[in-house]
Amino acid sequence: MLGPIYAKHRLRIGLGLVALLGVNFLQLTIPKILKTGIDGLSDNSISQRELLQLALLICAIGILATILRFCWRYLVIGFSRHLERDLRKRIFTHIMTMDGAFFTKYSTGSIMAHGANDLSAVQMACGMGLVAAVDALVMSLAAIFFMFHIHAKLTLFALLPMPVLAIATRILSKRLHQQFDRVQEQFSLMTEFARSSISSIRLLKAYTLETSQTKRFEKLGMDYVHSSIRVAIIQGLLFPVATLVGSSGMLMVLYFGGKLVIKEAISMGDFVAFITYLNMLIWPMMAIGWVTNLVQKGITSLKRIHRLLHSRSHLPGGIAGKKPDSPTFTLQNLNFSYPGSERIILSGFNLQLLPGILGITGPTGCGKTTFCQIIARMFPVADQTLLVGGQDINTFPPQSIQNEISYVGQEPLLFSSTLAENIAFGSPDAEMEAIIRAAKAAAVHDEIMALPDGYDSRTGEKGVTLSGGQRQRVALARALICNRPVLIMDDCLAAVDTATEQQILHNIADWMHGKVVIWVSQRVKQLALADRILVIRNGKIDGLGSYAELKTDNDFFRDIVRRQRLQEPLPENSHA
Amino acid sequence: MRNFGYFEEDYTVSISEKGLWRRIISYVRPFIIPFSGAVLLSLFVTASTLALPWIMQRAIDLFITNPEKTFDVRIDGLGLYGLAYAGLICINFIAAFSQVLLLEWIGQSIMQRLRQDLFSHLLQIHLPFFTKHPVGRLVTRLTNDVQNMHEMFTSIMVTLFNDLLRMVGILVLLIYMNLHLGLLLFVFVPLAAAITISFSRLARVQFRSIRKQLSKLNAFIQETVSGVYLVQLFNRSRDMNRQFAELNDGYLERTLRQIRLFGTFMPLTELMSTMAVAVILWYGGGEIIQKELSLGELVAFLSYMRLFFQPLREISQKYSIVQSALASAERIFNLLDTKDHEQKSPALPDPEKSFNGALTFADVNFSYNSQQQILHQISFSVEQGETVAIVGPTGSGKSTIINLMLRFYEPTSGVISLAGHPLHSLSPHILRREIGVVMQETLILQDTLLNNIALDTGKNEKQVQDLLEQSQLGAFIERLPDGLQTQIGEGGQTMSTGEKQLLAIARVLCREPSFLVLDEASSAIDSQTEKLLEQTLEYCFNKKSVLIIAHRLSTVQRADRIIVLEKGRIREQGSHSQLLELGGIYSRLVALDFE
């Protein structure tokens, strides 16, 4: 999967690795120079002048190494960032083509979390991981080679503790990740607890639960503390173990190497060079454990990204270019379950959607929203159960169905741009007049004009804060302006007060004329305007008819009509 | 008052803010003994780290390169020094490990206290505060900001201390060993300091710009992914992809800039250490030729230089951690300083104060903000054992009446009293034990049903069971798989709207209040639960003083008295038959229901 990206940047990686090897080579020559100097000093065969030459040589090597170090960092780590960019782009463009089924499996939150964590894991593995792996391998092999060259047996003694370090870092860093995940989990439990406590502060106070809730929070906090300390134990071991092992190697060199110098088997210069090589080995040994973990995490993440990129939309592609003749829908014994789930959401729907208003109501969770989403082509359905203009919906490309539909959902999602752009989202070329006309129909024009920047006010984090009702009306305007033959409004004015809702319904009567309109609402009184009302209960059609018919024939409908009477404006006023 | 966190992104504090440090230290004070222990351990770590090259040097000079002593003495001496070396390694390991643990423990304990203080402080603050401050931001104070401060206690206090101690120690040792060479190497100190400080500054700026771009990018992805259907439906994928590519490239550009900075700085520290080696070889070598320095000392110099440059990178990174920790600390302490506590009544009511369950509103006016008055001259009373129903359209002020009764808000004028005691003479705690409320929304704790019902009353399973039987709620429990021991809340049994309301009633009855307030569920409830609910309401109406906000005429008809509320004013008041006779709004409502 990364192949093409690697190929694209092969020159960059190649040069980077060459620079890295150059640095390694230069680093290894310094102990050699030191050895020459010290040997000269110990048998008094070196002059001040020669010493200065050696020192200048070391400086020159240092400067060259600095330049090469910059090069590999910029080239190789820079590559990992390019890779991150390319992968992120692929993920994003892929997600933009997915259907509703994909998003029931992957929530926005999980896409964000996995996207961010997995991308950075892959980036780390391909950047620092790659460098550390090459560096560790080359440096340790070279250092060991030179050490062998000085004295083979001493090398073995000095290296004796090293495998312990590699194994210890490997085991510890693996543990660390596991424990760390647990700490993260406890952290999010704590966060969630705090969030739910603060958002239901009214209830907490009403039940005087301040003290007991604080105690619960304390317990969660203590759990978190304990796990954190467990992490600290591992983390606290990691570095001291490295120091311990490094120093043990040094001890070996001091004792056995010292003996060898006394016996004159090696020179004093050899001894110093040996110590320098050993110091060079400590980091690669630590790196081995670290790198294997990094690479492992990178691979797991890459697999997850791979799965994401290879998930396919469940909507059949249809015959390219085919468009429906008329925007009428026929449901023939339509059943629906979410892909990959056993639970039946809708069953046995037989219904025709013709131009005119179809009102829909029913208890929460009965399948109203799913019904709207199926019509709006977000989820796949079985062949021959849903016809558009008399032909199976599965024979059309999803986009050609979607082009017929304006949809306003329960959650009025606006994008972070100006209000005018938000309203014109579906028809970016719309004239300002059209935008205003739509906003007026959705009864939000006056409120927009009252904002300091009017239609140029920005929504989103740093922009104006709109109330839920205002956002719902902007979302409605966005749907109206497209003027498509099918208009689906899924409980889209729930946060708007009843009087304004009446006003809007009055305003958009013209817009709805001759269109297929689906209008979900919990407010029965407003449903009286619909040509037909559909009552859905437990995923089945419970009643279909006019307002008057349902009020006498349908138990559920009659019940909510009564229930809502007390919440409506009082009778005296409504006549006034 | 400052607005918390609005400027989180660009917010910095100058370290010299004394008050801030004083408060941080006040949290450390209880841990002064373990903290001193950590500092002591720090001395051990530094001493043993620095002693190792010294032992090496002594061994080289005394035994390895000393031809004057006999072979055996040299070998034995080397063995002895080897042992000392081994001993120091162990001390270093143990000291370093215990220090990390000790500091983590101290840091975590302090954070836990801070978190607890903040949490209980938050719960004490009066309600209007929460309408002004978004939940997310308050939660961030409790979690991320506290976490940020933790970094300071562990990594900073220790590492900074260890590192600085070590660097000073090395310089002292070097100067002691050879004054000239030591002083010569001292030149590297201001150089290193200058590079480190300027790097930290630059790194912080870049880090911030990267983070800003990343949050922009993530916000965009989040928004587009959650609105993906709109993008598809309105055919805007191409534009969205283009905008995304722009942000994505901007992020790449910034990270590359950071790599360039790190690519310059990191090799520079290495270069300095190489230069130091060259200086030691050249100048130290000269000193050896002039017999001013021994070979062992030269080797020690080389080792110390390596130790000296190690912590430099760390220090530069720690600087930015301190900055962000202090910013967090300031936000936390600001929140802790909020004075909007619920007013505790001056005199605690004496425990013999009796509550007979009578409630009066006398000329109560109220507005949330000065612009719009919500309640006008509300006067009514509920006598002991009476059931009063309030009827009115959405927005007529029904829930405001509950808010005032529980002292979530104080009336602008007028007096509310419970059993003859004005509410402001009662502490909110006592008041809320006497008035039991069932609201539309229910708080469900992730626990057993029993604990959810008993809450902090301390009632056992038997008592709760009896109480439920009495109040006709027994059947509710029988329907659940494990009865009272059923786990509910996240990950447990899910409950329907009706069941939640039953739970809320059970919970309130368990607290044996003298007065009950019910906000009847307005959404549809399945018929089985509906029946249970009606039986229970019947029980409540018979046994208690009840104020009910009714959504169904069948409930209203069973009340002793009915209040019709509209736009914050009482329009009609009386019994069902009285109001029917009156022929006003209520009678029309009833007529509509039977049409």
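Residues numbered from 1 in each chain as written. Chains lettered and ligands numbered in written order. Predicted model: local features only at pLDDT ≥ 70, side-chain atom pairs only at ≥ 80, totals over all residues. Heavy atoms only, no water.

(A) Highlighting the overall build of chain A. A tally of regular secondary structure across chain A gives 22 helices and 10 strands. The globule rule puts the C-alpha radius of gyration for 576 residues at 25 Å, and the 36 Å found for chain A is more than 25% above it. With the C-alpha coordinates aligned to their principal axes, the bounding extent of chain A is approximately 115 × 60 × 50 Å. Buried residues in chain A amount to 55% of all 576 residues. The contacts in chain A between residues at least 6 apart in sequence include a share of 76% that link residues at least 24 apart. On chain A, roughly 24,900 Å² of surface is accessible, and the fraction owed to carbon and sulfur atoms is 59%. The distance from the centre of the 57 positive side-chain charges to the centre of the 44 negative ones in chain A is 9 Å. (Helix = DSSP H or I, 4+ residues; strand = E, 2+ residues; numbered from the N terminus. Rg over C-alpha atoms; globule rule 2.2 N^0.38 Å. Buried < 20%, exposed > 50% of the residue type's maximum accessible area, 1.4 Å probe, protein only. Contact = heavy atoms within 4.5 Å. Areas by Shrake-Rupley, 256 points an atom, 1.4 Å probe, with all protein chains shown as cover. Lys, Arg positive; Asp, Glu negative; His and termini not counted. Charge placed at Lys NZ, Arg CZ, Asp CG, Glu CD.)

(B) The environment of Asp392 of chain A, seen in detail. Residue and element names in this part refer to chain A. Its place among the elements puts Asp392 in strand β5 (residues 391-392). Overall, Asp392 belongs to the buried group, its relative accessible area being 9%. For the pair formed by Asp392 and Ala382, sequence separation is 10 residues and the distance between their alpha carbons is 9.5 Å. Apart from residues no more than four positions distant in its own chain, Asp392 is found in contact with Asp383, Gln384, Leu386 and Leu387.

(C) Local environment of the domain arrangement of chain A. Residue and element names in this part refer to chain A. The assigned domain composition of chain A is domain 1 (1-150 + 298-313), domain 2 (326-404 + 485-505 + 512-567) and domain 3 (411-483). Put simply, the middle of domain 1 and the middle of domain 2, counted by C-alpha atoms, are 57 Å apart. At the junction of the two partners, domain 1 supplies four residues and domain 2 supplies five residues. Summed over both sides, the interface of domain 1 with domain 2 buries roughly 290 Å², with 73% coming from carbon and sulfur. When the buried surface of domain 1 facing domain 2 is broken down by residue, Gly100, Ala101 and Thr104 rank first, second and third, together holding 82% of it. At the boundary of domain 1 with domain 2, the tally comes to zero salt bridges. Here domain 1 is connected to domain 2 by one residue pair in polar contact (both at pLDDT 80 or more). (Domains from an automatic or database assignment. Buried area = accessible area lost by both parts, 1.4 Å probe. Salt bridge = Lys/Arg side-chain N within 4 Å of Asp/Glu carboxyl O. Polar contact = N/O pair within 3.5 Å; in protein donor to acceptor, adjacent residues only side chain to side chain.)

(D) Layout of the domain arrangement of chain B. Splitting chain B by domain gives domain 1 (16-177 + 323-340), domain 2 (179-292) and domain 3 (359-593). The C-alpha centroid of domain 3 of chain B is placed 61 Å from the C-alpha centroid of domain 2 of chain B.

(E) Representation of a nonpolar patch on the surface within the structure. All names here are of chain B. Together, Leu40, Leu43, Phe44 and Ile91 make up an exposed nonpolar region whose accessible area comes to about 370 Å². When residues in the nonpolar patch are grouped by element, the largest group, three residues, is from helix α2 (residues 32-64). Relative to the helices and strands, Leu43 resides in helix α2. On the basis of relative accessibility, which here comes to 43%, the residue Leu43 falls in the partly exposed class. (Patch = residues over 30% accessible without salt bridge, like charges linked within 9 Å, V, L, I, M, F, W, Y side chains within 5 Å.)

(F) Seen up close, unusual backbone geometry. In this model, Asn538 of chain A sits at a positive phi of 50 degrees, which is unusual for a non-glycine residue. Examined against the element boundaries, Asn538 of chain A turns out to sit in the loop between β9 (532-537) and β10 (540-545). In the Ramachandran plot, Glu512 of chain B falls in the positive-phi region, its phi being about 45 degrees despite a non-glycine side chain. Counting through the fold element by element, Glu512 of chain B comes out in the loop between α16 (497-510) and β9 (515-519).

(G) Here's a closer look at the sheet that holds strand β6 (residues 435-438) of chain B. All names here are of chain B. Overall, mixed pairing links the six strands, which are arranged β6-β9-β10-β3-β11-β12 in an open sheet. The open sheet has two edge strands with one neighbour each: β6 and β12 (569-574). Between one strand and the next, the sheet's axes are offset by a mean angle of 15 degrees, whatever the strand orientation. One ladder, built from four bridges, connects β6 with β9; its direction is parallel. Each residue of the ladder has a partner; that of Val438, found in β9, is Leu518. Along the sheet face, helix α11 (residues 398-405) touches β3 (387-391), β6, β9, β10 (545-549) and β11 (561-566) and points at about 140 degrees away from the line of β10. Of the strands in this sheet, β6 and β9 are in contact with α16, which crosses β6 at around 175 degrees. (Pairing = 2+ DSSP bridges. Axes fitted to C-alpha atoms, helices over the stretch in contact; angles between N-to-C directions.)

(H) The arrangement of the pattern of salt bridges in detail. Taken as a whole and judged by the stated rule, the model has 28 salt bridges over all chains. With a closest N to O distance of 2.9 Å, Glu84 of chain A and Arg81 of chain A form a salt bridge. In this pair, Glu84 of chain A and Arg81 of chain A are both assigned in helix α3 (residues 48-95), three residues apart and thus about one turn of the helix distant. By relative accessible area, which is 5% here, Glu84 of chain A ends up buried. Lys462 of chain B serves as the salt-bridge partner of Asp466 of chain B, at 2.9 Å between the closest nitrogen and oxygen. Of this pair, Asp466 of chain B and Lys462 of chain B both sit in helix α14 (residues 461-470), four residues apart, which is roughly one turn of that helix. In this structure Asp466 of chain B comes out as partly exposed when scored by relative accessible area, which is 37%. A cluster of three or more residues bridged by salt bridges with shared partners is formed by Lys8, Arg85 and Asp86 of chain A together with Asp249 of chain B.

(I) Layout of helix α5 (residues 135-177) of chain B. Given a rise of 1.5 Å per residue, 43 residues ought to cover 63 Å, and the 61 Å separating the end C-alpha atoms of α5 of chain B matches this to within 8%. Approximately 40 degrees is the largest bend angle found in α5 of chain B, and it occurs at Arg141 of chain B. (Expected span 1.5 Å × (residues − 1). Bend = angle between axes of the 7 residues up to and from the residue.)

(J) Inspection of the packing of aromatic side chains at higher detail. All names here are of chain A. Using the criterion set out here, one finds 35 aromatic pairs over all chains in the structure. Between the aromatic rings of Tyr6 and Phe79, the centroid separation amounts to 5.1 Å while the plane-to-plane angle is 40 degrees, which identifies the pairing as tilted. One end of the pair, Tyr6, is in helix α1 (residues 3-8); the other, Phe79, is in helix α3, with 73 residues separating them in the sequence. With relative accessibility at 0%, the residue Phe79 sits in the buried group. When the centroid spacing of 5.1 Å and the interplanar angle of 80 degrees are considered together, the rings of Tyr255 and Phe256 count as edge-to-face. (Phe/Tyr/Trp six-rings, centres within 6.5 Å; stacked < 30°, edge-to-face > 60°.)

(K) How the structure looks around the interface of chain B and chain A. Between chain B and chain A, the contact holds 148 residues from the first and 132 residues from the second. Both faces considered, chain B and chain A share a buried interface measuring about 13,100 Å² in area, 71% of it formed by carbon and sulfur atoms. Taken together, the links from chain B to chain A amount to three salt bridges. Among the salt bridges present, the one from Arg69 of chain A reaches Glu270 of chain B, with a minimum N-O distance of 3.6 Å. Linking chain B to chain A there are 24 residue pairs in polar contact (both at pLDDT 80 or more). Ranked by the residues each element gives to the side of chain B that touches chain A, the list is headed by helix α9 (residues 237-289) of chain B, at 29 residues. Of the residues in the side of chain B that touches chain A, the class split is 83 nonpolar, 38 polar and 27 charged. (Nonpolar A, V, L, I, M, F, W, Y, C, P; charged D, E, K, R; others polar.)

(L) Looking closely at the sheet that holds strand β6 (residues 405-408) of chain A. Residues and elements named next belong to chain A. Spatial ordering of the open sheet is given by β6-β7-β8-β3-β9-β10, a layout of six strands whose pairing is mixed. Sheet topology places β6 and β10 at the edges, where each strand pairs with a single neighbour. Taking each pair of neighbouring strands and ignoring which way they run, the sheet shows an average axis angle of 15 degrees. Looking at chain direction, strand β7 (residues 486-490) and strand β8 (residues 516-520) are connected through five bridges and run parallel. Pairing of Leu487 across the sheet is with Val517, part of β8. Across the sheet, helix α11 (residues 368-375) is in contact with β3 (356-361), β6, β7, β8 and β9; its angle to β8 comes to roughly 155 degrees.

(M) Here's a closer look at empty space enclosed by the protein. Residue and element names in this part refer to chain B. Within this structure, the stated rule accounts for four cavities of 30 Å³ or more. In this structure, the largest cavity spans a volume of roughly 60 Å³. Gln501, Ile505, Leu518, Asp519, Glu520, Ala521, Leu533, Leu537 and Ile548 are the residues that line the largest cavity. Within the residue set of the lining of the largest cavity, elements represented by two or more residues are α16, β9 and α17 (527-543). By residue class, the composition of the lining of the largest cavity is six nonpolar, one polar and two charged. (1 Å grid on protein atoms, 1.4 Å probe; cavity = no way out; pocket = protein on both sides within 12 Å on 5 of 7 lines; lining within 4 Å. Points joined across faces, edges and corners; volume = space filled by probe spheres on them.)

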